[in-house]
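Each chain, letter by letter, is given below.
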Amino acid sequence: MVDSTLALGLTVVTMVAFAALGIWNTRRQDRSTDDFLTARNSMGPGRTTATLVASSMGVWILLSAPEAGAGFGIAAAIGYGIGTAVPMFVYSKIGPRVRELLPEGHSLTEYAHARYGSAMYGFVVLVSALYMFVFVAAELTGIAAALSLVAGVPQWQTAVLVGGFVLCYTGYGGLRATIVTDTVQAILVVPLLAIVAGGVVFAVGGPTEAVSGVASTSPALLDPTNAAGLQFGLALAFAIFGAEMINQTWWQRVYAGRDSETVAGGFRNATVLNGAIVVVAALLGTIAVGQGGVVTDVTSAAYNADVAFFVLVESAFGETILLGVVLLALLLVVSSVDSLFSALASLVTADLPRLLADPDDRTLRLGARLLTLVVAVAAIYVSLRARSVLRLFFFADLLGAAVAVPLVYGLYSRRLTGRGALASSLAGLAVGLAFFPDFRGVITAVPFVGDLLPAADPLYLTAFGGAVVVSTLGTLVAARVSSTTFDFDRLADARTVTMADGGEESSD
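No experiment lies behind these values; they were computed from the predicted model shown.

Engineer: Would you take a moment to explain the overall build of the chain for this structure?
Structural biologist: For the chain, the count of helices and strands is 20 helices and zero strands. Pairs at least 24 apart in sequence give 83% of the contacts found in the chain among residues at least 6 apart. Carbon and sulfur atoms make up 66% of the accessible area of the chain, which totals about 19300 Å².

Below, the structure is given as C-alpha cells:
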C-alpha cells in the first residue's frame, strides 16, 4: 500500500495548485452576477471543447465505466460510449437554438419557467438540482474510495480537502475560474488517460493477449450481441441522455461560447472525444477480468468491479504508477465537481429576482456563494455514506429520463403546453418507477400498489427506456391535441417574464 502521508500530501499540493490557478486568473474579471454565472461569450473553439471534455470526465470514468465493462463486456462499453456521446450531439443542435430564443438567459430553469410556467418549472428545478447534487456526492465518494484503497487515507479527509479547495476558487471566480481550470485539466487528462490505457494493454502482453485472457476467463464479455450486455448498455444510453439534458453544466456552456458556431462545434468535438474515452475506459474493465487473479470475482468484497481499473493498474505497474493514476483520478474529480458547483449556484441564483424584491448584484453573488457552500457541505456528508449514493444516482437518472424530451421539445414546438409537458414527464416517471428495482421494497409497501406492479427489471432497460419512450409519446400527443400556441418571442425576456397561465398563450 502507498504511504498515506505521501498520498495526502500530493493531494493537497494538487488542490492548492488548481485553487491558485482559478483565483489568479479571475482576480481582475468582470464582477457582475451575469459574468459570475455564465462567463457570457468568452470562450473560443479550443477552450469550449476543453471545458466540455473536462466537465464530463469525472472519476466515474475510472470507476463506473470499467465496472460496466467488467460486468457486461463489449456491449455495455459501446452502450456507455453512445450514452455519453448522444447528449453532446443533441446539445450541438439545441445549443444555438437556446441562444437564439433566450439570448440573455442563464439557466434551464429560467427557460422552463418562461416556456411552461410554475408547475413544470418547479419539477425541473427539483430534478436538475437533485441530479447534480448526487453527481457531486458520487464524485467525492469515488475519489475518497480510491485514496482509501490505494493509501488508506480516511475518506472524510479526502472529501473535505477536495470539496473545500474547489469551493474556494469556484466561490471566488465563478464559471470563469471553472473554465480556466477545465482547460488545464483537459490538456493533462486526455493524454494521461491515453498513456495509461496503452500502458495497461502493453503490460498484459498486447491486444492479442488481452483479448485471449478475456476469452479464456469470461468469453461472453467479448460478445457484442450478449443479451445482458446489450440491455445494460442500452439502459445506460437512455439514463445518461435523460440526465445530461437536465444538467445545468451544459446550459452554462451554451452561453459561455463566443457564438452559436463555436458552441455547436465544441459540442460536436465533445461528442467524439467523450464517447471514445468512455468506451476505452469501459474496455479496460473487461481486460481486467481477463487477467487471472486480478479480478477473479467482480462481486467479491476484495475485487469488486467498481475498482477493476485500479486493481489492474496495480497488478500491471505496481504502487508507484498506481499513485499517479489516483492523482489522475483527482484531476478528473476536480474537473467535474467545480463545474457542478458553478452549475448548481447558477441554477437557483438566476431565479432569485423572482423570489426577492429587486436584489442587487452583490446580493445575487452572495446568494450564489452561500448556495455553493451549502451544497459542498451536504455533498461531503452524503459522500461518506457511499452505499446510498449509487441508488440515489440511478433514481436521479430516472427523473432526468422522464423530463428530458418534454423539456427540450418546447424549444421547437409552439403547441406543447406547461400542463402537457408536466403530464408527459409524470407519465414517463410512473412507468419508470413501475419497473425500477432499487426502491422496490418502498413502492410495493404502498397499499394496493404492490399487487399492480409488473416485475422489476434488474438491468434497468425497461425502467429508463420506458421513462424516455412514454414521456416522448406523451409529449407528441399533448402537442398534437393542444389548441393553443406559444409565442417564442416571449422567451427573449426570460429573466423577468411571469407566466401565470402555465406557459400557454391563446392562438386568437
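Engineer: Help me out: how do you make sense of the nonpolar core in this one?
Structural biologist: Nonpolar side chains tend to gather and get buried jointly when the protein is soluble and globular. Counting residues in hydrophobic clusters, the biggest one holds 140 residues, and the most contacted among them are Leu62 and Phe310. With 18 residues, the single largest contributor to this core is helix 7 (residues 118-151). Of all hydrophobic cores here, the second largest spans five residues; its members include Met43, Leu175, Ile179 and Ala256.

Engineer: What exactly am I supposed to notice about the confidence of the model for the chain here?
Structural biologist: Atom-level detail of predicted coordinates should not be read off regions where pLDDT is low. Looking at the chain as a whole, its pLDDT mean stands at 84, while 89% of the residues score no less than 70. At the level of individual helices and strands, the chain shows its lowest average pLDDT in helix 15 (residues 352-355), which scores 62, and its highest in helix 20 (residues 461-481), which scores 95. Here residues 496-508 scores under 50 on pLDDT; set against residues more than four positions off or in separate chains, the count is 31 contacts.

Engineer: Please clarify how a nonpolar patch on the surface should be interpreted in this entry.
Structural biologist: A cluster of nonpolar side chains, contributed by Leu366, Leu370, Leu373 and Val377, occupies part of the molecular surface with about 360 Å² of accessible area. Tracing the chain through its elements places leucine 373 in helix 16 (residues 361-383). Its relative accessible area of 39% is what places leucine 373 among the partly exposed residues.

Engineer: How should I be thinking about the pattern of salt bridges in this particular structure?
Structural biologist: By the definition in use, this model includes three salt bridges. In this structure, glutamate 100 engages arginine 97 in a salt bridge whose closest nitrogen and oxygen atoms are separated by 3.7 Å. Of this pair, glutamate 100 and arginine 97 both sit in helix 5 (residues 74-101), three residues apart, roughly one helical turn. By relative accessible area, which is 55% here, glutamate 100 ends up exposed.

Engineer: How do you make sense of unusual backbone geometry when you look at a structure like this?
Structural biologist: A negative phi angle characterises most non-glycine residues, just as the trans form characterises most peptide bonds. Phi angles above zero are rare outside glycine, and alanine 39 is one such case at about 45 degrees. Note on placement: alanine 39 falls in the loop between helix 2 (33-38) and helix 3 (45-56). With relative accessibility at 0%, the residue alanine 39 sits in the buried group. The phi dihedral of tyrosine 460 falls on the positive side, at around 70 degrees, and the residue is not glycine. Along the chain, tyrosine 460 falls in the loop between helix 19 (440-444) and helix 20. Residue classification places tyrosine 460 among the buried positions, given a relative accessible area of 10%.

Engineer: Help me out: how do you make sense of the packing of aromatic side chains in this one?
Structural biologist: Within a pair of aromatic rings, the relevant descriptors are the distance that separates the centres and the angle that separates the planes. Per the stated rule, a full pass over the model turns up 12 aromatic pairs. Consider the rings of tyrosine 111 and tyrosine 116, whose centres lie 6.2 Å apart with planes at 70 degrees: the pair is edge-to-face. Tyrosine 111 gets classed as buried once you look at its relative accessible area, which sits at 0%. One aromatic cluster is present, formed by Phe394, Phe436, Tyr460 and Phe464 through successive ring pairs. Above the ring of phenylalanine 488, the side-chain terminus of arginine 97 is found at 5.1 Å from the ring centroid. Above the plane of the ring of phenylalanine 486 lies arginine 115, whose end atom (NZ or CZ) is 4.3 Å from the centre.

Engineer: Would you explain the packing of helix 4 (residues 60-72) against helix 12 (residues 260-289) in this entry?
Structural biologist: Describing two packed helices takes the angle between their axes plus the distance from one axis to the other. Across the interface, helix 4 lies against helix 12 with an axial gap of 7 Å and an inter-helix angle of 55 degrees. On the basis of their axis angle, the class for helix 4 and helix 12 is oblique. The interaxial crossing formed by helix 4 with helix 12 has right-handed handedness. Counting all contacts with helix 4, which are made through Trp60, Ile61, Ala65, Pro66, Gly69 and Ala70, the residues of helix 12 involved are Ile277, Val278, Ala281, Ala282, Gly285, Thr286 and Val289. Looking at the contact of helix 4 with helix 12 residue by residue, the class counts come to 10 nonpolar, three polar and no charged.

Engineer: I'm lost on the packing of helix 18 (residues 418-435) against helix 20 in this one. Help?
Structural biologist: Here helix 18 crosses helix 20 at 155 degrees, and the two axes come no closer than 7 Å. With respect to helix 20, the axis of helix 18 lies roughly antiparallel. Helix 20 is crossed by helix 18, and the crossing has right-handed handedness. Facing helix 18, whose interface residues are Gly420, Ser424, Ala427, Gly428, Val431, Gly432 and Phe435, helix 20 presents Thr462, Ala463, Gly466, Ala467, Val470, Ser471, Gly474, Thr475 and Ala478.

Engineer: I would appreciate a short explanation of helix 7 in the present structure.
Structural biologist: Note on helix geometry: an α-helix contains 3.6 residues per turn, so any two residues three or four positions apart are oriented the same way. Between its first and last C-alpha, helix 7 extends 49 Å over 34 residues, near the 50 Å set by a 1.5 Å rise per residue. With respect to burial, helix 7 is a largely interior element, 24 of its 34 residues being buried. Just past helix 7, the residue glycine 152 takes up positive phi, approximately 70 degrees.

Engineer: Explain the side chain of asparagine 247 to me, please; I cannot follow it from the model alone.
Structural biologist: Tracing the chain through its elements places asparagine 247 in the loop between helix 10 (227-245) and helix 11 (248-256). Using a relative accessible area of 2% as the deciding quantity, one classes asparagine 247 as buried. Setting aside residues no more than four positions away along its own chain, asparagine 247 makes contact with Tyr91, Leu108, Tyr131, Met132 and Leu340.

Engineer: Looking at this structure, I do not really get the side chain of serine 56. What am I missing?
Structural biologist: Along the polypeptide, serine 56 turns up in helix 3. Judged by its relative accessible area of 5%, serine 56 is buried. Among residues more than four places away in sequence, those in contact with serine 56 are Thr84, Trp250 and Asn274.

Engineer: Please clarify how helix 18 should be interpreted in this entry.
Structural biologist: Between its first and last C-alpha, helix 18 extends 26 Å over 18 residues, near the 26 Å set by a 1.5 Å rise per residue. Turning to helix 18, its buried residues number three or more, namely Gly418, Gly420, Ala421, Leu422, Ser424, Ser425, Gly428, Leu429, Gly432 and Ala434.

Engineer: Would you mind showing me how to read the environment of phenylalanine 488 here?
Structural biologist: Mapping phenylalanine 488 onto the fold places it in the segment after helix 20. When the C-alpha positions of phenylalanine 488 and leucine 411 are compared, they lie 8.3 Å apart, and in sequence the two are 77 residues distant. In contact with phenylalanine 488, not counting residues within four places along its chain, are Arg97, Leu101, Arg115, Gly410, Leu411, Tyr412, Ser413 and Arg414.

Engineer: What's the story with the environment of valine 201 in this structure? I'm lost.
Structural biologist: Following the sequence through the fold, valine 201 ends up in helix 8 (residues 155-203). Put simply, valine 201 and isoleucine 287 are 86 residues apart on the chain and 8.2 Å apart in space, counted from C-alpha to C-alpha.

Calculation criteria
- Residues numbered from 1 in each chain as written.
- Predicted model: local features only at pLDDT ≥ 70, side-chain atom pairs only at ≥ 80, totals over all residues.
- Heavy atoms only, no water.
- Helix = DSSP H or I, 4+ residues; strand = E, 2+ residues; numbered from the N terminus.
- Contact = heavy atoms within 4.5 Å.
- Areas by Shrake-Rupley, 256 points an atom, 1.4 Å probe, with all protein chains shown as cover.
- Core = buried A, V, L, I, M, F, W, Y, C linked by side-chain atoms within 4.5 Å.
- Buried < 20%, exposed > 50% of the residue type's maximum accessible area, 1.4 Å probe, protein only.
- pLDDT = per-residue confidence, 0-100.
- Patch = residues over 30% accessible without salt bridge, like charges linked within 9 Å, V, L, I, M, F, W, Y side chains within 5 Å.
- Salt bridge = Lys/Arg side-chain N within 4 Å of Asp/Glu carboxyl O.
- Phe/Tyr/Trp six-rings, centres within 6.5 Å; stacked < 30°, edge-to-face > 60°.
- Lys NZ or Arg CZ within 6 Å of the ring centre and 35° of its normal.
- Axes fitted to C-alpha atoms, helices over the stretch in contact; angles between N-to-C directions.
- Parallel < 35°, antiparallel > 145°, perpendicular 65-115°, else oblique.
- Left-handed = near helix turned anticlockwise from the far one by under 90°.
- Nonpolar A, V, L, I, M, F, W, Y, C, P; charged D, E, K, R; others polar.
- Expected span 1.5 Å × (residues − 1).

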